[in-house]
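For reference, the chains in residue letters:
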Amino acid sequence: MFVLLLAVVLGAAHYYIWKRVVRDTTAPGRARQVGTVAVVLLYVLMMAALSITRLGTSFDALIAWPGYLWLAVAYYLVLLLAVLEVPRRLLVRKAREQEKVPVAVGAEVAEGDPEAVSAPVPEAPGVDVGRRLFIARSLAAAGGVAAAGVVGYGATQALGDPRVNRVPIALDKLDPRLSGYRIAVVSDLHLGPLLGREHTERLVRMINEQQADLVAIVGDLVDGTVERLGEAAAPLRDLTSTHGSFFVTGNHEYYSGAEPWLTELERLGVNPLRNERLAIERAGAAFDLAGVNDVNGESFGDAPDYARALDGRDTSRPVVLLAHQPVQVREAAKHGVDLQLSGHTHGGQMFPFHLLVGLQQPVRSGLETVDGTRVYTSNGAGFWGPPVRVGAPPEIAVVELRHNFAG
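Residues numbered from 1 in each chain as written. Predicted model: local features only at pLDDT ≥ 70, side-chain atom pairs only at ≥ 80, totals over all residues. Heavy atoms only, no water.

## Some details on the nonpolar core
Counting residues in each nonpolar core, the largest one holds 28 residues, and the members touching the most others are M46, L50 and Y68. Every element with two or more residues in this core is listed here: α1 (2–23), α2 (30–51), α3 (60–83) and α5 (127–159). By residue number, the principal contributor to this core is α3, which donates 10 residues. M46 has contacts with L10, H14, G67, W70 and L71, leaving out every residue within four places of it along the chain. (Core = buried A, V, L, I, M, F, W, Y, C linked by side-chain atoms within 4.5 Å. Buried < 20%, exposed > 50% of the residue type's maximum accessible area, 1.4 Å probe, protein only. Helix = DSSP H or I, 4+ residues; strand = E, 2+ residues; numbered from the N terminus. Contact = heavy atoms within 4.5 Å.)

And the structure:
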């Protein structure tokens, strides 16, 4: 049903694109036929990218790159053409008014004769059509150039180096001896047909350069099986930190085969936290690090269990929870979590899609407080679908825990 609904929505978007970019800008004939075929083929290519790339075939990337890039162009083209509807209507109305020039009818009627009437001059052949084509082509060109420009910029953001954001967070219960403890947080790598081993190597290098005390990978590492993407994830074995690397599942792990991936990560030296916790100690002081499964695990018999992960601990020291989705803070707050580290949202990835994120998640990006619990939501270091990020650059966050001396 989801695939069918998606196909219908995207089909409607392509009909709108065809209407404004092909039908309105061409006369009946060969040019319109070629444009129609092109729009249909682009729609088929995009749907293939959304479906076939999950099958793990050898030609995934050949379909994924053009298919997903067109998805991004179509997304922005529809938005821009919709905005241009207002000037289009105004220009068409003005053209109509200019074409209706009232003149006297019947030269034999004397001036001032009450029988004299006025009527518009018959339209000259092609005048109305010519103006309409000029307006339609101008607006279609403007929309197309703007959409291509936005997608081009967004691609440079998505495929470039992620930003390193330093995030100081004060916790009331943190022992002063732990003040300055640094956690490198990375999420949503989305290894797959568009992001492979080089992407992982770059992230590992950048994380290691931060000399963090601990590395937290908060879900959505992969979009594919271990057999297909194991080599792409292999550089994770080179992560270095004082207290090791830890991982919690995201929704895409369950789509990709969570159990094999958890086994593979353990082999690479990345420690999964599956509804469990451990004490992180330094200089005689400690805080608890906990991790819970993603909410989508419930459909796979691997649901998050907050009680198992958080109950029975020493509440005099803080607990930092790794949970893929920010919405999980609702339950985490009930168990007294001090700080939750999450991802999932991609920061919205492509403006203005971020406006919809708030309908599902309490935090889109950055640091906020929800029900008394601090939540940091990473933009993520990869992307899903189009290799495009607009208004939500990729990031590696270095969270620095600080003692709240005012607390």
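## Thoughts on the packing of aromatic side chains
Aromatic ring pairs are reported here in terms of the distance separating the ring centres and the angle at which the planes meet. Taken as a whole and judged by the stated rule, the model has 5 aromatic pairs. A ring pair is formed by Y254 and F300, whose centres lie 5.5 Å apart and whose planes are at 25°; its orientation type is stacked. In this pair, Y254 sits in helix α8 (residues 251–256) while F300 sits in the loop between β9 (285–291) and α10 (306–310), placing the two residues 46 residues apart along the sequence. Judged by its relative accessible area of 46%, F300 falls in the partly exposed class. (Phe/Tyr/Trp six-rings, centres within 6.5 Å; stacked < 30°, edge-to-face > 60°.)

## Quick notes on the sheet that holds strand β8 (residues 276–282)
Here 6 strands make up an open sheet; going across it, the order is β8-β9-β10-β11-β13-β12 and the pairing mixed. Because the sheet does not close on itself, it has two edges, and the strands there are β8 and β12 (366–370). Each adjacent strand pair in this sheet contributes to an overall mean axis angle of 25°, direction not counted. Where strand β10 (residues 319–322) lies against strand β11 (residues 339–342), 3 bridges are found, and the strand directions are parallel. When the bridges of β11 are listed, L321 appears paired with Q340. (Pairing = 2+ DSSP bridges. Axes fitted to C-alpha atoms, helices over the stretch in contact; angles between N-to-C directions.)

## Quick notes on the pattern of salt bridges
Taken as a whole, this structure holds 19 salt bridges when the rule is applied. Of the charged contacts in the structure, one is a salt bridge between D288 and R317, with a shortest N-O distance of 3.0 Å. With D288 in strand β9 and R317 in the loop between α10 and β10, the pair connects residues that are 29 residues apart, well separated along the chain. Residue classification places D288 among the buried residues on the basis of a relative accessible area of 3%. Here the residues in one salt-bridge network are R20, R23, D24, E85 and R88, joined through shared partners. (Salt bridge = Lys/Arg side-chain N within 4 Å of Asp/Glu carboxyl O.)

## Some remarks on the sheet that holds strand β5 (residues 214–217)
Strands sit in the order β3-β14-β4-β5-β6-β7 across an open sheet of 6 strands; the sheet is mixed. Strand pairing shows two members of the sheet lacking a second neighbour, β3 (163–171) and β7 (270–272), which therefore form its edges. When strand polarity is set aside, the average angle formed by the axes of neighbouring strands in this sheet is 25°. Note: strand β4 (residues 181–186) against β5, 4 bridges, orientation parallel. Within β5, the residue paired with V185 across the bridge is A216. Packing of helix α6 (residues 197–209) onto the sheet brings it into contact with β3, β4, β5 and β14 (395–403), and relative to β14 it is tilted by some 25°. Seen against the sheet, helix α9 (residues 258–267) touches β6 (245–247) and β7 and runs at an angle of roughly 140° to β7.

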